[in-house]
Each structure stands twice: as C-alpha cells, then as structure tokens.
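# Structural features, examined
Here's the letter readout for the chains.
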Amino acid sequence: MSTVLTNFATWKHFLADRVSHAKKMGMTEETIASLAFEIGSFLDEKVDPKNEEERLLKQLWDAGDEGERKALASLMVKLVQKS
C-alpha cells in the first residue's frame, strides 16, 4: 500500500477503483462511507503522510470529532466518484 500512498493522484485512483468494485458488489453508499471511515482511522493510526495532500487530510482528520471524520471520509468517497 505504501506505493499507492506516495502519490495523491494514485491514491485517488486506487480509492475510486475500490469504491467502484464495492458498488458493483451491491454495497450501499452508507456502507461504503462507513468503510472509508474505518480506512481513514487505520491510516491515521498506522501510516505517516507521504505528501502535502495527505498531511492536510491528516490535519483535518485530527482536528475533527467522530462526526466530522465520518463527513470527511464520505467526502473523499464523493471526490473519487467524480474523478
């Protein structure tokens, strides 16, 4: 995963691909957003930001409460769906 996280555009493409697969498997938007929140929590705890965009996302994540983090995760899903 570290190579995916090195470049933000690559990360967005990777996430978009996973969201697309989840939709094809019949997952709801709510389930996908919940999984995105879990991934965000994992990345926050285990992965150091590799670029400026990830550093900004980490700062936003750390500044937010759980509801705001869920909103940020949901927004990331929406962002990659429109890319």
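Provided above is the structure to which this section pertains.
These lines cover the structure that appears in this document, whether it is placed above or below. No experiment lies behind these values; they were computed from the predicted model shown. (Residues numbered from 1 in each chain as written. Predicted model: local features only at pLDDT ≥ 70, side-chain atom pairs only at ≥ 80, totals over all residues. Heavy atoms only, no water.)

Here helix α4 (residues 52–63) contains twelve residues, and its C-alpha end-to-end distance of 17 Å stays within 8% of the 16 Å for a straight helix at 1.5 Å per residue. Among the residues of α4, the N-terminal cap falls to N51, whose side-chain oxygen and the backbone nitrogen of E53 are separated by 3.2 Å. (Helix = DSSP H or I, 4+ residues; strand = E, 2+ residues; numbered from the N terminus. Expected span 1.5 Å × (residues − 1). Polar contact = N/O pair within 3.5 Å; in protein donor to acceptor, adjacent residues only side chain to side chain.)

Attention shifts here to the packing of helix α3 (residues 29–46) against helix α5 (residues 66–82). How two helices pack is summed up by the angle between their axes together with the distance between the axes. Interhelical geometry of α3 versus α5 gives an angle of 115° and a closest axis separation of 8 Å. It follows from the interaxial angle that α3 and α5 lie roughly perpendicular. Seen along the crossing, α3 lies across α5 with a hand that is right-handed. Within the contact between the two elements, α3 uses E29, I32, A33, A36 and F37 and α5 uses E66, R69, K70, A73, S74, V77 and Q81. Looking at the contact of α3 with α5, its residues break down into six nonpolar, two polar and four charged. (Axes fitted to C-alpha atoms, helices over the stretch in contact; angles between N-to-C directions. Parallel < 35°, antiparallel > 145°, perpendicular 65-115°, else oblique. Left-handed = near helix turned anticlockwise from the far one by under 90°. Contact = heavy atoms within 4.5 Å. Nonpolar A, V, L, I, M, F, W, Y, C, P; charged D, E, K, R; others polar.)

To continue, consider the pattern of salt bridges. With the rule as written, the count across this model stands at six salt bridges. The salt bridge partner of D17 is R18, with a shortest N-O separation of 2.6 Å. Residue classification places D17 among the partly exposed positions, given a relative accessible area of 30%. Given the relative accessible area of 40%, R18 is considered partly exposed. One salt bridge in this structure joins D62 and K58, with 3.0 Å as the shortest N-O distance. One end of the pair is D62 and the other is K58, both in helix α4 and four residues apart, which spans about a single turn. Through salt bridges with shared partners, a single ionic network connects D44, K58 and D62. (Salt bridge = Lys/Arg side-chain N within 4 Å of Asp/Glu carboxyl O. Buried < 20%, exposed > 50% of the residue type's maximum accessible area, 1.4 Å probe, protein only.)

By themselves these figures say nothing about function.
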